[in-house]
Amino acid sequence: MALSKLIEEKCIYAGVHAASVKSLRNAIGDGMHHRLGLAKPAVAQIVANADAWKDAYMQDGLAVVPLPCETASTKLLFFLLSKPLDMKAGDHIPIDMVVVLCYPAQEAATRLQTMATVSRRLRNQDLRKQLRGVQDASAAYVLLMRNDQDQAA
């Protein structure tokens, strides 16, 4: 699956200040509300649900977090943190990139495939290094789409 079908430039946040997991969850909630149009009460419940975070993939400074949402289709939000955040990843590397996979509850079966696609794409060390060096969402989007086209070729 192509990333271009899952993410829009407006859903990428660069330089996110998150001093704690709680502040990161708040930033994610704001993104879900403002960029995906989800209602604030629903977002607060989704983001606070500890069970939803158990399925997160965390490795090499990257977290891919699947969250069931009231969206018509699967969408991604991408956060580049201004400083790495200790999220107790299995490899003990602090997280500085977070991809939130918002998927409709009725499409739960496809979330694993989508998580695998995103994780594979961002496993590329050169791409992660380039993404960590960007200062704005537009530059991150260009890198992700360039990589998307390379993968399709």
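One can find the structure itself at the top, above this paragraph.
Note that residues are indexed from 1 along each chain, following the sequence as it is written. A pLDDT threshold of at least 70 governs which residues receive local features in this predicted model, and a stricter bar of 80 or more applies before side-chain atom pairs are shown or counted, although totals over entire chains, interfaces and linings include all residues. Only hydrogens and water are set aside; all other atoms, that is, all heavy atoms of the structure, feed into the side-chain values.

Trainee: Run through helix α2 (residues 40–48), naming residues and quoting values.
Mentor: Considered for burial, the residues of α2 that qualify are Val43, Ile46 and Val47. Looking straight down α2, one finds that the buried residues subtend no more than 90 degrees of arc, so they occupy a single side. Structural note: α2 exposes Pro41, Gln45 and Ala48 on the side pointing more than 90 degrees away from its buried face. For this analysis, residues touch if any pair of their heavy atoms sits within 4.5 Å. Numbering of helices and strands starts at the N terminus; helices are DSSP runs of H or I of at least 4 residues and strands are runs of E of at least 2. Buried residues along α2 sit against α1 (21–36), α3 (50–53) and β3 (62–69). When accessible area is computed with a 1.4 Å probe and restricted to protein chains, residues below 20% of their type maximum are described as buried, those above 50% as exposed, and intermediate ones as partly exposed. What the arc covers is the set of directions going from the helix axis to the C-beta atoms.

Trainee: Tell me what's going on with the pairing of strand β5 (residues 95–104), and back it up with residues and numbers.
Mentor: With ten of ten residues buried, β5 is to be regarded as a mostly interior element. Across eight bridges, β3 lies against β5 in parallel orientation. Of the residues in β5, the one forming a bridge with Cys69 is Pro104. A pair of strands counts as paired when DSSP detects no fewer than two bridges linking them.

Trainee: Before we move on, could you go through the nonpolar core and cite the residues and values that matter?
Mentor: Residues grouped as a nonpolar core are buried Ala, Val, Leu, Ile, Met, Phe, Trp, Tyr and Cys residues, joined through side-chain atoms within 4.5 Å. Formed by 53 residues in total, the largest nonpolar core has its most connected members in Ile28, Met32, Leu67, Phe78, Phe79, Val98 and Leu131. A per-element tally of this core places β5 first, with eight residues. Ignoring anything within four residues of it in the chain, the contact list for Met32 reads Gly37, Leu38, Val43, Ile46, Val47, Leu67, Cys69, Leu77 and Cys102.

Note that all results are geometric; they support no functional claim without further evidence.
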